[in-house]
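Analysis of the macromolecular model
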Amino acid sequence: MKEKLQKIMDDALEQINGSKELDKLNEIRVSFLGKKGELTSILKSMKEVAPEDRPKVGQLVNEARAVIEEKLEEKKQAFAKAIREEKMKAETIDVTLPAKKPMVGHRHPNTIALEEIERIFVGMGYEVVEGPEVEYDYYNFEALNIPANHPAKDEQDTFYINSDILLRTQTSSTQIHEMEKGKVPIRMIAPGRVYRSDEVDATHSPSFHQVEGLVIDKNVTFADLKGTLAEFAKEIFGPETKVKFRPHHFPFTEPSAEMDVSCFKCGGKGCRFCKGSGWIEILGCGMVHPHVLEMSKIDPEEYVGFAFGVGLERIALLKYEIDDMRLLYENDTRFLKQF
Ligand code: DAH
């Protein structure tokens, strides 16, 4: 009996020592100490033991149980410790490592360019105003001297909502709203979104932004227009920037011009950036047509004005040397975080 007990104990201890996981320990406990366990079965066969030996055997069984239980507990603690240590190791924080930078948002290149334009004109005493994007044909075309059947109407592929209402194709419509308010003099810029039914490519989008400018006062001359826009060009592209005005035609200005700036990349010598010409076209402008003043109830005998319109994306693309307009609309953070 004693040898049998010893054998059970040795088996149990060997299994406990050899076990590799917590669950295994439970199995061992059940197989030795459980109701149908090996040790328990010895107690059950007590009746085969001579009555005078029973207390002795009972004591031996209890001792064996105590030893096995102690070993099980020891092993259990060892497992728990190993698990804890592993967890601690995995969760270690090296406080000497450089910290992770929090993600910081970036202003969109359009926004940066717009804020720059606003800063320049506000500095010259202009007010920043806004007009509606959904507009009457009257404000977008007619009051700008573009009557029905005027060829200029076809040049700008318009999104019509009905025969009278459309998505504005140009911020020039804001000029009319400002003049209709009946307060002169006017010195305003009007940034905003405009719409044209264009296919998307590197230089076109069905929706883009313009910044309109309008000055109405007594004795305003083309020299004022040139001086103002030359100053604007220097501020935005650098003090070396020269400007050139080329005669052009817009229905709402007379005379009209397009303004070029000397290429800020090559200084005017001609490079890939300015397609070899040394000049880059950046805006349209002119003296407000007397008929436009008249339609908006401003007396052209007393007041004169000049106006200009800049493509905001064009300024952003040039300023940051971006060669594809689509990049401005995709909002890929890898692109945006460069600004
Ligand atoms: N509205 C014109 C366009 O979208 C740009 C423009 C040209 C605006 C001349 C003006 C201007 O105010 O005077 O092409």
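Everything that follows concerns the structure shown earlier in this document.
Below is a short write-up of the structure. (Residues numbered from 1 in each chain as written. Predicted model: local features only at pLDDT ≥ 70, side-chain atom pairs only at ≥ 80, totals over all residues. Heavy atoms only, no water.)

**A short note on the overall build of the chain**
In plain terms, the rule: Numbered from the N terminus, helices here are DSSP runs of H or I no shorter than four residues, and strands are runs of E no shorter than two. For this measure, only C-alpha atoms enter the radius of gyration; the expected value for a globule follows 2.2 Å times N^0.38, where N is the number of residues. Throughout this description, buried means an accessible area under 20% of the type-specific maximum (1.4 Å probe, protein chains only), exposed means over 50%, and partly exposed covers the range between. Contacts were defined at the residue level, with two residues in contact if any of their heavy atoms lie within 4.5 Å. Here the Shrake-Rupley method, with its probe set to 1.4 Å, supplies the accessible areas, and only the displayed protein chains count as covering residues. Charge assignment: positive for Lys and Arg, negative for Asp and Glu; neither His nor the chain ends contribute. For charged residues, the charge sits on one atom: NZ in Lys, CZ in Arg, CG in Asp, CD in Glu.
Regarding its fold elements, the chain presents 13 helices and nine strands. The C-alpha radius of gyration computed for the chain amounts to 43 Å, which surpasses the reference 20 Å derived for 339 residues by more than 25%, pointing to a less compact arrangement than a globule. For the C-alpha atoms alone, the extent of the chain along its principal axes is close to 140 × 50 × 35 Å. Residues counted as buried form 42% of the 339 residues belonging to the chain. When contacts within the chain are restricted to residue pairs at least 6 apart in sequence, long-range pairs at least 24 apart make up 66% of them. Of the accessible surface of the chain, which amounts to about 20,000 Å², a share of 52% is contributed by carbon and sulfur atoms. For the chain, the distance from the average site of its 47 positive side-chain charges to the average site of its 58 negative ones is 11 Å.

**Section: the site of the ligand**
To be explicit about the condition: Proximity is defined per residue: any heavy atom of the residue falling within 4 Å of a molecule or strand makes that residue near it. For this analysis, a polar contact is any N or O atom pair within 3.5 Å, provided that within protein one partner can donate a hydrogen and the other can accept it, and provided that sequence-adjacent residues contribute only side-chain to side-chain pairs. Throughout, the ten residues Ala, Val, Leu, Ile, Met, Phe, Trp, Tyr, Cys and Pro are labelled nonpolar, Asp, Glu, Lys and Arg are labelled charged, and all others, Gly among them, are labelled polar.
As a structural note, the neighbourhood of the ligand is formed by 15 residues, with Gln170, Ser172, Arg196, Gln210 and Glu212 the closest of them. At a separation of 2.7 Å, a nitrogen atom of the ligand approaches a polar side-chain atom of Gln170. One of the side-chain nitrogen or oxygen atoms of Gln210 is found 2.9 Å away from an oxygen atom of the ligand. Starting from 360 Å² of accessible surface for the ligand in isolation, the protein chains cover 91%. Broken down by secondary-structure element, the contributors of at least two residues to the shell around the ligand are β5 (207–217), β8 (279–288) and β9 (304–311). Counted by class, the shell around the ligand contains five nonpolar, eight polar and two charged residues.

**Looking at the packing of helix α1 (residues 2–18) against helix α2 (residues 22–33)**
The following threshold applies: Axes, fitted as lines to C-alpha atoms, cover a helix only where it is in contact. Angles between the N-to-C directions of the axes lie from 0 to 180 degrees. Working definition: roughly parallel below 35 degrees, roughly antiparallel above 145 degrees, roughly perpendicular at 65 to 115 degrees, and oblique for all remaining angles.
Following both chains from N to C, one finds α1 and α2 inclined at 170°, their axes separated by 10 Å at the closest point. Considered as vectors, α1 and α2 are oriented roughly antiparallel to each other. Touching Ile8, Asp11, Ala12, Gln15 and Ile16 of α1 are Leu25, Ile28 and Phe32, all from α2. Looking at the contact of α1 with α2 residue by residue, the class counts come to six nonpolar, one polar and one charged.

**Here's the deal with the side chain of Ser19**
Within the secondary structure layout, Ser19 lies in the loop between α1 and α2. Polar side-chain contacts of Ser19 include one of 2.8 Å to the backbone oxygen of Ile16. For Ser19, the contacting residues outside a window of four places in its chain are Lys24, Leu25, Ile28, Lys75 and Phe79.

**Topic: helix α9 (residues 222–237)**
Basically, it comes down to this: Here, expected helix span is obtained from the residue count minus one, scaled by 1.5 Å.
Compared with an ideal rise of 1.5 Å per residue, which puts 16 residues at 22 Å, α9 spans 22 Å between its outermost C-alpha atoms and is within 8% of the ideal. Three or more residues of α9 are buried, namely Leu225, Thr228, Leu229, Ala230, Phe232, Ala233, Ile236 and Phe237. Those residues of α9 that are buried lie in contact with α5 (109–123), β6 (243–250), β7 (253–262), β8, β9 and α11 (312–319). Looking one or two places after α9, you find Gly238, whose phi comes out positive at around 110°.

**Let's talk about the nonpolar core**
To be explicit about the condition: Only buried residues count toward a nonpolar core. Its members are Ala, Val, Leu, Ile, Met, Phe, Trp, Tyr and Cys residues joined through side-chain atoms within 4.5 Å.
Counting 34 residues, the largest nonpolar core has Leu229, Ile282, Leu283 and Phe308 as the members making the most contacts within it. Broken down by secondary-structure element, the contributors of at least two residues to this core are α5, β5, α9, β7, β8, β9 and α11. Aside from chain neighbours lying at most four places away, what touches Ile282 is Phe232, Phe237, Met259, Asp260, Val261, Val310, Gly311, Arg314, Ile315 and Leu318. Formed by 23 residues, the second largest nonpolar core is a distinct cluster that contains Ile146, Leu166, Met179 and Leu214.

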